[in-house]
Structures are given as C-alpha cells and as structure tokens.
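# Structural overview for review
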Amino acid sequence: MQANFSSPYHRAQLALSSAYVAGPLFSVGNLHWKHLGKQNVLKEGKAAPANPDGPEAQDAVLVVVGNVANNNIALSPVGAWKSSYNKSLASAKYQFQILQPDTDAIFGADFLAAVATLKNVQKSIARDGQSKWLLMEDATSGTTIRFSWHVFEVIGPSTDTESLPILDWPIANYDRDALIEISQTHAVTPFTVFDPEHNRIPPERVHPRVKVGALVECHFSLVHYVINGVHQFNAECKQLTILRDPQPKPSSPYKWSSATPYKPPSDLHKRQIEAAKAFVPKAEDVTNSTPHVPSNPVAGPSNLAASDGGKRKLVDDSPDEDVREEKRAKTSSDTTLSSIEHANITNDAETDPGTKKDAAEENEVINEVEREL
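Quick notes on the rules
- Residues numbered from 1 in each chain as written.
- Predicted model: local features only at pLDDT ≥ 70, side-chain atom pairs only at ≥ 80, totals over all residues.
- Heavy atoms only, no water.
- Helix = DSSP H or I, 4+ residues; strand = E, 2+ residues; numbered from the N terminus.
- Buried < 20%, exposed > 50% of the residue type's maximum accessible area, 1.4 Å probe, protein only.
- Contact = heavy atoms within 4.5 Å.
- Areas by Shrake-Rupley, 256 points an atom, 1.4 Å probe, with all protein chains shown as cover.
- Phe/Tyr/Trp six-rings, centres within 6.5 Å; stacked < 30°, edge-to-face > 60°.
- Arc of directions from axis to C-beta.
- Polar contact = N/O pair within 3.5 Å; in protein donor to acceptor, adjacent residues only side chain to side chain.
- Expected span 1.5 Å × (residues − 1).
- Axes fitted to C-alpha atoms, helices over the stretch in contact; angles between N-to-C directions.
- Nonpolar A, V, L, I, M, F, W, Y, C, P; charged D, E, K, R; others polar.
- Pairing = 2+ DSSP bridges.
- Lys, Arg positive; Asp, Glu negative; His and termini not counted.
- Salt bridge = Lys/Arg side-chain N within 4 Å of Asp/Glu carboxyl O.

### Focus: the overall build of the protein chain
Within the protein chain, the secondary structure is distributed over eight helices and 12 strands. Within the protein chain, the fraction of its 373 residues that count as buried is 34%. Contacts in the protein chain between residues far apart in sequence, at least 24 positions, make up 63% of those at least 6 positions apart. Put simply, the protein chain shows about 24,400 Å² of open surface, and 54% of that area lies on carbon and sulfur atoms.

What follows is the structure in structure tokens.
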C-alpha cells in the first residue's frame, strides 16, 4: 500500500487536467462525436474538422476515480472468455466496474459529480430512447461506472503489432490453439495497469492484483452504438492506476494450517477488572465531590432550639407553600416557648426563698472554714 498517498494533493493534480470528468476544466462542449462505421467515437474538440481530408481529431480520453466494485471483475489475459463458450478468442473482453468511494470524502463527492457529467455526455448523442452499459444501477452499490472492451483488436493501418506480439501474450497452454487462430488478424489491445508505487503490473498479474475496494484512477475512451433503438455505450479503459489498496481484512484464527483446535480466549479476568472498577470510585471523583447543601434553610440544624438538643423534627420540603409556612410558624412558636420556659425556670430559681436560704448557709460554712485556716 502506498503510505504517502494524499487524496487532496492527488485531486488537486487531476483538477489541472481538462480530462478529469469531475474537475472544473472538463466541459462536454469541448467534445464531439465522430461516426466511424457502425459506431460513434467521442473525439476531442468542439466539432468535427471542417476539412474532411485534414488530420482526424484524437479520441477523447476521460479520467474518473472510484473504488473497484465486486461486480463481474474479469481482467485476466482472456478477460471473461472461456473455451466452453464455443466462440472465437477474438470476442474476449475485459470488464470491471467502479463505485463511489465510501471512505474517501474527496473522491466520493467527485464520483457523484462525474456520474452527473457522464449522463450529460450520453445525452449529447442519445437525445431520446434508453441508454445502457455505461452507468449501471445496483440495489446495494448504487450507481457504478462500467468498463468493457475487447482484449484483442483487429489489425489496422495504425495498429502496433511489434511492441507486444500476440503470440507472446501470457495465455494458458490449453488456450494456446485459440490464440494461434487469431494471431494473423488480431493484435493485443493496449491496456496498462500500475500499482500504487507506479510500477507496471504484468498482464498475467493484473486480475489478482486489482482487488475489490481498491481506489483506482481510470483513463478511458467512449464508444456509442445503437442496437434495436437502444443507445449502448462502452467505456474502453486505456490505463488503470491503483491509487490505494483496500484495507486488509482481519486474520481469522480458523485456518487449514492449524495443528490444534482453536479455543476462544477467556474474558474472566477482563470481567473481574470491570467489576472491581464499578465498586471502587476514582480518585478524581472523591476529590471533586462537593458536600450536600440543604435546599431549605429552615430545615437546617442551626435553627433547632437549644433546649431540645437538636432532636426536634426538621421541617420537610412540602410542595405546598401554605403547608410549609404553617410548619415554619409552628417551629418558630415551639422554639419561642422553649426559650420562655427556660427563662422562667432560671428566674424562679433566683427568686425562691428556700433557694436563697440554702445559698446563705453555704456561704456561711465557707467563711467559717476560711477563718479557721
């Protein structure tokens, strides 16, 4: 996996190109369709050249970024072709789809913008009727962009047959005869794939290397057909670059190589620790705790009469204001009566004749003792 890949930086670089479908420089008005045989090819330029004998406009190459979808990936040297199909190897096609990145907000938003723009590209030639095979709707994946193109192309005047001779194509031995049959009429369609470090991946390694969920950058051309009144589009991928590999799946302990039965680890110790933490308060909880302050000052112990030793029943917090006032008045009255009773007892002790006589006799005894000393 490329450790230094940066989505913002890479997106900024793509935005400088007019080929990036989701970029600010891309414009459908700067492209046109060219009719060639039974198909229409998207070309660069606002319109076809006025001089039919002049140089032909270049095929338009568009660029999109998305995640590889788990939908019929066929990127082996023979694509989705099988000998059991009883068809020529010349009909072999590559195919794969990309969808909106779900873990990359930048390219996730760009993917939706690219889908909207590609719809306008389709409408520029398919003004009526149904359009198929470019934008696919999936119940679970949403809208995907589908790529499908031939592994081999018919040899033409400008076909390069020397860079990669068809007989050197890395095909299985049991399909070698099918390759020889088309070797005189077909050549390998150019298609290059690069890993995150920008190393080219050999054709026989492309299929296992392009993994589901990988963030990829696709360069493709667009071809249009009309079959039975239905507009059909093929996105032919020219270059595929893996920007970021998918996250690896966690390793399973259940493997064929296991020599002994796997036993799930016990969580008894973990549960014991959690139980202990539930009963032992944290130090900061004790330090930061604040004493409870009564909400009703009348019910505080400082308002109790001294004569009853602080045992008088507190006034409760009744929700009824009248009840609270009545209880406050009763408590105040009881406190006042207790104070009066205490004062009366003290005064009685001071004014009682018997009490005064006892005090005088006690003083006389004390004076006599002092004289003897």
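Still more to cover.
### Describing the packing of aromatic side chains
Inspection of every chain in the model, using the stated rule, returns seven aromatic pairs. Geometrically, the ring pair formed by Trp149 and Phe191 is edge-to-face, given 4.9 Å between the ring centres and 75° between the ring planes. Note that Trp149 is positioned in strand β7 (residues 142-150) and Phe191 in the loop between β9 (186-188) and β10 (192-194), a separation of 42 residues in sequence. No difference in accessibility class separates Trp149 from Phe191, as the two residues are buried. Counting every residue linked through ring pairs, the aromatic cluster contains Tyr94, Phe96, Phe147, Trp149, Phe191 and Phe220.

### Structural notes on the environment of Tyr225
For Tyr225, the position within the fold is in strand β11 (residues 215-227). For Tyr225, a relative accessible area of 25% gives the class partly exposed. With 93 residues separating them along the chain, Tyr225 and Lys132 place their C-alpha atoms 10.0 Å apart. Excluding anything up to four places from it in sequence, Tyr225 contacts Lys38, Gln39, Val230, His231, Gln232 and Asn234.

### Side note on helix α1 (residues 7-14)
Regarding α1, the residues found buried are Ser7, His10 and Leu14. For α1, the buried positions fall inside an angular range of 70° around the axis, keeping them on one side. Capping the start of α1 is the job of one residue whose side-chain oxygen sits 3.4 Å from the backbone nitrogen of Tyr9: Ser6.

### Considering helix α2 (residues 105-123)
Helical periodicity: at 3.6 residues per turn, an α-helix aligns residues three or four positions apart in one direction. Taking 1.5 Å of rise per residue, 19 residues should cover 27 Å, and α2 covers 28 Å from first to last C-alpha, within 8% of that figure. Turning to α2, its buried residues number three or more, namely Phe107, Gly108, Asp110, Phe111, Ala114, Val115, Thr117, Leu118, Val121 and Gln122. Near the N-terminus of α2, the side chain that reaches the backbone nitrogen of Ile106, with its oxygen 3.2 Å away, is that of Asp104.

### Some thoughts on the packing of α1 against α2
Running from N to C, α1 and α2 point in directions that differ by 35°, and their axes come no closer than 9 Å. In this structure, α1 uses Ser7, Pro8, His10, Arg11 and Leu14 to contact α2, whose residues at the interface are Ile106, Phe107 and Asp110. Among the residues forming the contact of α1 with α2, the class breakdown is four nonpolar, two polar and two charged.

### Observations regarding the pairing of strand β12 (residues 230-244)
For β12, the tally of buried residues reaches 11 of 15 residues, placing the bulk of the element in the interior. Bridge count for strand β5 (residues 131-132) against β12 is two bridges, and the pairing is parallel. Paired with Ser131 across the bridge in β12 is His231. Relative to β12, β10 runs parallel, the two sharing three bridges. Its bridge partner lying in β12, Phe194 is registered against Thr241.

### Overview of the side chain of Asp175
Examined against the element boundaries, Asp175 turns out to sit in the loop between β8 (152-154) and α3 (176-182). At 9.2 Å, Arg176 is the nearest oppositely charged side chain to Asp175, a buried residue that forms no salt bridge.

### Some remarks on the environment of Glu236
Among the secondary structure elements, Glu236 is positioned in strand β12. Residues Glu236 and Val223, 13 residues apart in the sequence, show an inter-C-alpha distance of 7.7 Å. Each residue touching Glu236, except ones within four places of it in the same chain, is listed here: Ser148, Trp149, His219, Phe220, Ser221 and Val223.

### Overview of unusual backbone geometry
Positioned with a positive phi, Trp133 is a non-glycine residue whose angle comes to about 80°. For Trp133, the position within the fold is in the loop between β5 and β6 (135-138). For Trp133, a relative accessible area of 31% gives the class partly exposed. Although it is not a glycine, His198 adopts a positive phi angle of roughly 65°. Turning to its location among the elements, His198 is positioned in the loop between β10 and α4 (203-209). Relative accessible area serves as the criterion here: at 58%, His198 is assigned to the exposed category.

Keep in mind that these numbers describe shape and distance, not what the molecule does.
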